[in-house]
Amino acid sequence: MKLVSKSISRSIKAMSLFALCALSNSSFAADREITFEQYVDGLKKEAVESGLKQSTVDDAFSTATFLKHSVKADKQQPEFKLTLDTYIPRAVPDWKIKQARAAYKKHYHLLQKIGKEYGVQPRFIVALWGIETNFGRLTGRNYIISALTTMAYDGRREALFKKQLFAALNILEQGHISKDKFIGSWAGAMGQVQFMPTSYLNYAVDYDGDGRKDIWTTPGDVFASAANYLKTEGWDDTYTWGRQVKLPTDFDIELAGIKQQRSLLEWQALGVRKYNGDDLPDVDLQSSIVIPDDQNGRVYLAYNNYKVLMHWNRSYYFATAVTYLSDHILYPKITVE
């Protein structure tokens, strides 16, 4: 089961990283005229000139190495052959649903407190946690500075990864994590919520007030950071994420897409119905028709919260996996004494 989880996790993250940025440079690691060590020397000089302490920079890079597996992973094409009907059971198997419900119950009071403070339903926090790192179990084993330096040196998206690298150096300088514990994915995503360094600086929260934003080991910081991201990006806990729907046979496919918005009343008039055939809710709410595969596959009416999930990871499959897991946390109802 763990092997399946790791495979799906890599696929999701690959989708995210390929969608993250269209930045491309003509130079690649194989074509570099300088060695990795020479490149690091240049980065260290830039970092100090940007205002970072020399001691921070020297210490951070003292154990930095070139990670061949990061370059290999970056160049592997993500799996697009799966459909949602085959993907969802693999990404969210029954055992993960059981673990999600158990985690929700275990941290219930803390999650409820954070959920109310940030205006985010706790089930979505737990679902993100489960999809990203299997509830903190699969956070990566790579030294963040090595991973980001490798990706910058590789050159395909140098500007993007240099920005992330300097953000990571700032995290170390601020003392939120020690160098030996500064680990994450092959591309530099960190902690139990897999924030990239810039996301960490923008959204991470020191919820327990100990002076460190610890998304690696502290549940309160992990949950609050995820909630803060969602709320800052526009989450509204008045509503859920959306619903699976059925389209009429004459539906104009040009109306589909996350950027195409219409009211529920307008979709109702166009023949869109709940999956069971009932009318859509009589609520003044804007939404989009999302078709991750094709009209013969699953179709969703996505509310704004679904779009916020796609800010986190620009993959329909990722967003749908999170919402699927969140619904299974909600139903059947979990009772807590």
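The sections below set out a description of the structure shown in this document. Quantities reported herein were computed from a predicted structural model and do not represent experimental measurements.

## Overview of the overall build of the protein chain
Okay, so step 1: Helices and strands together make up the secondary structure of the protein chain, namely 15 helices and 7 strands.
Okay, so step 2: The buried share of the protein chain, reckoned over its 337 residues, is 53%.
Okay, so step 3: By sequence separation, contacts in the protein chain at least 24 residues apart represent 74% of the contacts at least 6 residues apart.
Okay, so step 4: For the protein chain, the exposed surface amounts to about 16,100 Å²; the carbon and sulfur share of it is 50%.

## A few points about the side chain of Ser263
Okay, so step 1: With respect to the helices, strands and loops of the structure, Ser263 is situated in strand β4 (residues 262-263).
Okay, so step 2: Given a relative accessible area of 12%, Ser263 falls into the buried group.
Okay, so step 3: Ignoring sequence-local partners within four residues, the contact set of Ser263 consists of Leu285 and Gln286.

## With respect to the sheet that holds β4
Pairing between sheet strands relies on hydrogen bonds along the backbone, with the strands arranged either parallel or antiparallel.
Okay, so step 1: Taking strand neighbours across the sheet as the criterion, the 5 strands line up as β4-β6-β7-β3-β5 in an open arrangement whose pairing is antiparallel. This sheet does not close on itself; its edge strands, each paired only once, are β4 and β5 (273-274).
Okay, so step 2: Taken together, the 2 bridges between strand β3 (residues 242-246) and β5 define a ladder with antiparallel strand orientation. Along β5, the bridge assignment pairs Lys246 with Arg273.

## Considering helix α4 (residues 68-75)
Okay, so step 1: The set of residues buried in α4 consists of Ser70, Val71, Ala73 and Asp74. One side of α4 holds all its buried residues, which, seen down the axis, span an arc of 165°. Structural note: α4 exposes Lys68 and Lys72 on the side pointing more than 90 degrees away from its buried face.

## Examining the nonpolar core
Okay, so step 1: Core analysis: the biggest nonpolar cluster contains 88 residues, and Phe61, Val126, Ile145, Phe182, Leu230 and Trp312 have the highest contact counts within it.
Okay, so step 2: Counting residues per element, this core draws most heavily on helix α10 (residues 158-173), which supplies 8 residues.
Okay, so step 3: Listed in part, the 13 residues of the second largest apolar core include Phe251, Leu264, Leu280 and Tyr303.

## Remarks on the packing of aromatic side chains
Okay, so step 1: Summed over all chains, the structure comprises 19 aromatic pairs.
Okay, so step 2: Look at Phe36 and Tyr153: their rings are 5.5 Å apart centre to centre, the planes differ by 85°, and that puts the pair in the edge-to-face class. With a gap of 117 residues between them, Phe36 in helix α2 (residues 36-49) and Tyr153 in helix α9 (residues 144-154) connect regions that are remote in the sequence.
Okay, so step 3: Ring geometry for Tyr87 versus Tyr317: centroids 4.8 Å apart, planes at 40°, classification tilted. Remark: Tyr317 occurs in helix α15 (residues 316-330) and Tyr87 occurs in helix α5 (residues 84-91); sequence separation between them is 230 residues. Neither residue differs from the other here; Tyr87 and Tyr317 are each classed as buried.
Okay, so step 4: Just above the ring of Trp267 sits the side chain of Arg262; from NZ or CZ to the centre is 5.6 Å.

## Quick notes on the side chain of Gln268
Okay, so step 1: By the secondary structure assignment, Gln268 is in helix α13 (residues 264-269).
Okay, so step 2: The exposure class assigned to Gln268 is buried, which follows from its relative accessible area of 17%.
Okay, so step 3: Sequence-distant contacts of Gln268, that is, excluding residues within four places in its chain, are made with Arg273, Asp279 and Leu280.

## Quick notes on the packing of helix α12 (residues 219-232) against helix α14 (residues 304-312)
Okay, so step 1: Relative to each other, α12 and α14 sit at 120°, their axes nearing to 9 Å. By crossing handedness, the relation of α12 to α14 is classed as right-handed. Every residue of α14 that contacts α12 at Ala226, Tyr229 and Leu230 is listed here: Val308, Leu309, His311 and Trp312.
Okay, so step 2: Of the residues belonging to the contact of α12 with α14, the class tally is 6 nonpolar, 1 polar and no charged.

Thresholds applied
Residues numbered from 1 in each chain as written. Predicted model: local features only at pLDDT ≥ 70, side-chain atom pairs only at ≥ 80, totals over all residues. Heavy atoms only, no water. Helix = DSSP H or I, 4+ residues; strand = E, 2+ residues; numbered from the N terminus. Buried < 20%, exposed > 50% of the residue type's maximum accessible area, 1.4 Å probe, protein only. Contact = heavy atoms within 4.5 Å. Areas by Shrake-Rupley, 256 points an atom, 1.4 Å probe, with all protein chains shown as cover. Pairing = 2+ DSSP bridges. Arc of directions from axis to C-beta. Core = buried A, V, L, I, M, F, W, Y, C linked by side-chain atoms within 4.5 Å. Phe/Tyr/Trp six-rings, centres within 6.5 Å; stacked < 30°, edge-to-face > 60°. Lys NZ or Arg CZ within 6 Å of the ring centre and 35° of its normal. Axes fitted to C-alpha atoms, helices over the stretch in contact; angles between N-to-C directions. Left-handed = near helix turned anticlockwise from the far one by under 90°. Nonpolar A, V, L, I, M, F, W, Y, C, P; charged D, E, K, R; others polar.

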